[in-house]
Every structure is written in C-alpha cells, then in structure tokens.
Amino acid sequence: MGTTICFDDYGDSSVLRVREEETPPVNAGEVRVSYRAIAVNPADWKIVSGYARDFLPLQLPAVPGNESAGVVTAVAPDVTGFAVGDEVIRVGLGNSYRAEANVPAAELLSKPADIDFEQAASLAVAGCSAYAGLERIALQAGETLLVHGGAGGVGIAVTQIATHLGAKVISTASAHNHEFVAGLGATPVTYGPGLVDEVRALGGVDAVFDAHGGAGCVAATPALLSDLTRATTAAQDEHSAAAGIAHVGASMADMGRLMAAVTDLAREGVVRFPVQERIPLAEAARAFDISRAGHVRGKLVLVP
Ligand SMILES: NC(=O)c1ccc[n+]([C@@H]2O[C@H](COP(=O)([O-])OP(=O)(O)OC[C@H]3O[C@@H](n4cnc5c(N)ncnc54)[C@H](OP(=O)(O)O)[C@@H]3O)[C@@H](O)[C@H]2O)c1
C-alpha cells in the first residue's frame, strides 16, 4: 500500500491526483522497489501538460517521474541480478511518482552505497544530459565554456564536470543566484540584454552549453561562437533547431554508459546536486508548480 500520483488527462498541476493503492504481485521480469527519493525534472511538467505528447505518447491514466532511487522489496523468480534489500536507481519514462512500484528489471541499476538516495535519484536526467552534452562539444582543459542556466539541475552538473575537466566556466543566472553559481566555480553573468557584451568583456568563449533554451539564449550563442559544432542544448526547441544547435543527445540506448560515468563522478564528489527542497510525495503538485515556474536552484526531491 502506498501513495501514487497519477493523471487522467493532460493539463496543469490540478490534474495530478493523490491515490493510495495496493501494489500488485510482481510479474515476470519485474522487481518491486520501495522508493526513498524521486527527482523532479522539467520533463515531468512538460509530459503532464501534454507538451511532449507527439513524441512521447502515454497511455492515460499515467504516473509522472522518470527517475528515482529506493530499496528492492520483491523480485520475480525469473529475474537475476537483484535481491530483496538491494539499493537501486530506477530510470524510465514515467512511473516514478510512487511510494512503491513494480518495474522491469531492465530499468534498474545498482545504487552505490556511498551515494545517498536523493543524489542517486537525481543523477540520470540532469547528470547524463550534462555529460553527454560535454562529450558532444568535446570540451577540453583550458577552454572557456558558457552555460546558459547555470543554477538549474543540468547547469550545475555541467559546471561541476567542466571545471573538473580543467575548463573555465561562465554561467548565466539571475542576480540572486550569482553567489550560488560562483560557489560552483563559475563566473556569474546575468542573462538578457547585455549578456553578449558581458561575456565578450570576459574574453569570450570556446564552447556553449544551453541548459535553458528559448529565443534569448539561442540568439546569444551564435553571437559568441562562430563554430556551432561547439554548442549544444539540453532544451531543444524551434529556436535551437533553426539555429542549427544540436541536442545533447543523451539517448536511453546510451544510458548505461552515461550512468556509469556520472555515477563514478558522483562517487568522486565531482557531481553533487544541492537540493533546493525536499517535498512530501503527496504534495507533488506543489513541486510541479515550482518546477514549471522555471527558477529551481539545484534539485527538487519528492520524498514518499
Ligand atoms: N535529455 C534531455 O533532453 C534533457 C535532460 C534534462 C533537462 N532537459 C531540459 O533542459 C532544461 C533545463 O533543465 P534543468 O533540469 O536544469 O531545469 P531547472 O533545474 O528547472 O533549472 C532551470 C534554470 O533555468 C534558469 N533560467 C530561468 N530563466 C532563464 C533564462 N531566461 N535564461 C537563462 N537561464 C534561465 C533558472 O535560473 P535562475 O533562477 O537563475 O533564473 C533555473 O535555475 C529544461 O528545459 C529541461 O526540460 C533536457
């Protein structure tokens, strides 16, 4: 028995329903996981609102959430590699806003004991996008990277990995987040009018990672960078497509390799997400609204 957040129709946070439900016995190929932490991502509200329905069609009612971490409480007889009591990370489309879930074993990875549940739950979406994007633009030690949206989940991981590689990072953020991004090792700049001049005054950049998207960020990128193979975006939209800026390209098929790399970086203390707020699972609609407002600093984590 446990809390589940589901939605019957696409819409705003008002479509999210809190349901108490019995978890059925595990089917073949499944593992039951009692979640300890569930990470909130902008993809969650985009999926619930129907924004992504053309390329990610869901069977409704559906449960939001693409990443979580917890403890195995049951294993189907045909599943090998997992046992009751194992700590795991779950990555998959939807089905994470739950206290407990039966999931295909293929969606699970072992959670290293030295990474806590909320960090483990937060690694896949933001961490792998950051890692894949930095690979795509082939960032090198000594280069300077501009990060659009440096205070959010993706921007934080990009900054942490890029500085670890030996690159210099310039991050855009609201004024109230300048101290925060400076604490991550980046030089803060304010997004909006004047950004391009401010970055040029700092000496310009060799590469750009857009962790926000939209017309303003996309317009600044080619103004600062002539070779757009050195630019990537986590927030693909009509503006980045028109400008020819490639998506980070963190595919599910590559998730095992990316997660191995990002998990190693988390274990080394390179990738670590400051948690803005831990929110009870039953208050998922509030988390959804905070995320949708677009100014999360670090990660929001739901706690069953
Ligand atoms: N694989 C993928 O395709 C993938 C994976 C992860 C994320 N994404 C996408 O990448 C984007 C970022 O994700 P996230 O998890 O980092 O989001 P997030 O944690 O919600 O952070 C968003 C950040 O954007 C900043 N921001 C707001 N308005 C801005 C503006 N006009 N210019 C620059 N920055 C601005 C905010 O900082 P301030 O408060 O300082 O304004 C905030 O910290 C989302 O669109 C998400 O859907 C895609």
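Reading guide: rules and limits
- Residues numbered from 1 in each chain as written.
- Predicted model: local features only at pLDDT ≥ 70, side-chain atom pairs only at ≥ 80, totals over all residues.
- Helix = DSSP H or I, 4+ residues; strand = E, 2+ residues; numbered from the N terminus.
- Rg over C-alpha atoms; globule rule 2.2 N^0.38 Å.
- Buried ≥ 20, exposed ≤ 12 C-beta atoms within 10 Å, placed from the backbone.
- Near = placed C-beta within 6 Å.
- Nonpolar A, V, L, I, M, F, W, Y, C, P; charged D, E, K, R; others polar.
- Domains from an automatic or database assignment.
- Arc of directions from axis to C-beta.
- Contact = placed C-beta atoms within 7 Å.
- Core = buried A, V, L, I, M, F, W, Y, C linked by C-beta atoms within 7 Å.
- Pairing = 2+ DSSP bridges.
- Axes fitted to C-alpha atoms, helices over the stretch in contact; angles between N-to-C directions.
- Parallel < 35°, antiparallel > 145°, perpendicular 65-115°, else oblique.
- Left-handed = near helix turned anticlockwise from the far one by under 90°.

*Asks:* Just to check I follow, could you spell out the overall build of the protein chain for this structure?
*Replies:* Secondary structure summary: the protein chain contains nine helices and 15 strands in total. Relative to the 2.2 N^0.38 estimate, which gives 19 Å for 304 residues, the radius of gyration of the protein chain is 19 Å and therefore close to what a compact globule would have. In terms of principal-axis extent, the alpha carbons of the protein chain reach across some 60 × 40 × 30 Å. Relative to its 304 residues, the protein chain shows a buried fraction of 44%.

*Asks:* I'm lost on the site of the ligand in this one. Help?
*Replies:* Near the ligand lie 33 residues; those nearest to it are Gly152, Gly153, Val154, Ser174 and His295. Of all the secondary structure elements, the ones that give two or more residues to the shell around the ligand are helix H1 (42-49), helix H2 (117-136), helix H3 (153-165) and helix H6 (215-224). Per-class residue counts for the shell around the ligand are 15 nonpolar, 17 polar and one charged. Both domains that meet at the shell around the ligand, namely domain 1 (2-111 + 274-303) and domain 2 (125-247), each give it at least three residues.

*Asks:* Help me understand helix H9 (residues 284-293) in this model?
*Replies:* Spacing of three or four residues puts side chains on the same side of an α-helix, whose turn is 3.6 residues. Among the residues of H9, Ala284, Ala287, Phe288 and Ser291 are the ones counted as buried. Angular distribution of buried residues about the axis of H9 spans 100°; they occupy a single face of the element. Turning to H9, the residues buried within the fold contact strand S1 (2-7), strand S2 (16-21), strand S3 (30-40), H1, strand S14 (275-280) and strand S15 (299-303). Residue glycine 294 follows H9 closely and has a positive phi angle near 90°.

*Asks:* What is the right way to read the nonpolar core from this model?
*Replies:* Core analysis: the biggest nonpolar cluster contains 84 residues, and Ile38, Ile89, Ala121, Cys128, Leu134, Leu145 and Val158 have the highest contact counts within it. Here the element with the most residues in this core is H2; it accounts for 12 residues. Built from parts of two domains, this core gets at least three residues from each of domain 1 (2-111 + 274-303) and domain 2 (125-247). With residues near it in sequence (within four places) discarded, leucine 145 still touches Leu139, Ala162, Ala167, Val169, Val205, Ala207 and Phe209.

*Asks:* I'm lost on the domain arrangement of the protein chain in this one. Help?
*Replies:* Many descriptions give the size of an interface as the accessible area lost when the pieces come together. As far as domains go, the protein chain holds domain 1 (2-111 + 274-303) and domain 2 (125-247). For domain 1 versus domain 2, the distance between C-alpha centres works out to 29 Å. Contacts between domain 1 and domain 2 engage 10 residues on the former and eight residues on the latter. Partitioning the side of domain 1 that touches domain 2 into residue classes produces three nonpolar, four polar and three charged.

*Asks:* For this particular structure, what's the right way to read the environment of asparagine 102?
*Replies:* Structurally, the position occupied by asparagine 102 is in strand S6 (residues 100-104). Residue classification places asparagine 102 among the partly exposed positions, given that 19 C-beta atoms sit within 10 Å. Sequence separation of asparagine 102 and glutamate 30 is 72 residues, and the distance between their C-alpha atoms is 6.0 Å. Leave out the neighbours within four places in its chain, and asparagine 102 touches Thr23, Pro24, Val26, Asn27, Glu30 and Arg32.

*Asks:* What am I meant to see in H6 here?
*Replies:* Taken residue by residue, H6 has Cys217, Val218, Ala220 and Thr221 as its buried positions. End-on view of H6: buried residues confined to an arc of 160°, all on one side of the axis. Where H6 is buried, its residues meet strand S8 (144-148), helix H5 (195-201), strand S11 (207-210), strand S12 (231-233) and helix H7 (238-243).

*Asks:* Mind showing me how you'd approach the sheet that holds strand S13 (residues 246-247) here?
*Replies:* As a general point, the strands of a sheet are linked pairwise by backbone hydrogen bonds and lie either parallel or antiparallel. Across the sheet, six strands lie side by side as S10-S9-S8-S11-S12-S13; this open sheet has parallel pairing. Looking at which strands have only one partner, the edges of the open sheet turn out to be strand S10 (187-189) and S13. Where S8 meets S11, four bridges bridge the pair, whose relative direction is parallel. Each bridged residue has a counterpart across the sheet, and for leucine 146 the counterpart in S11 is valine 208. Contacts from H3 reach S8, strand S9 (168-172) and S11, with the element oriented near 165° to S9.

*Asks:* What should I look at first to understand the pairing of S14 in this one?
*Replies:* Moving residue by residue along a regular strand, the side chains alternate between the two faces of the sheet. Looking at chain direction, S14 and S15 are connected through five bridges and run parallel. Among the inter-strand pairings, arginine 278 is bridged to a residue of S15, identified as valine 301.

*Asks:* Would you mind going over the packing of H2 against helix H8 (residues 255-267) with me for this structure?
*Replies:* Look at H2 against H8: their axes get within 9 Å of each other, and the N-to-C directions meet at 110°. Comparing their axes, H8 and H2 come out roughly perpendicular. Crossing angle aside, the handedness with which H2 passes H8 is right-handed. From H2, Gln119, Leu123, Ala124, Gly127, Cys128, Tyr131 and Ala132 reach across to H8, where they touch Met255, Leu258, Met259, Ala261, Val262, Thr263 and Ala266. Tallied by class, the residues present in the contact of H2 with H8 amount to 11 nonpolar, three polar and no charged.

*Asks:* In this structure, what is going on with the packing of H1 against H9? I would like to understand it.
*Replies:* Axes are the key here: two packed helices are described by the angle between their axes and the distance separating the axes. Contact geometry of H1 with H9 gives a least axis separation of 9 Å together with a crossing angle of 105°. Regarding the angle of H1 to H9, the classification is roughly perpendicular. The segment H1 lies against H9, with Pro42, Asp44, Trp45 and Val48 engaging Phe288, Ser291 and Arg292. Of the residues belonging to the contact of H1 with H9, the class tally is four nonpolar, one polar and two charged.

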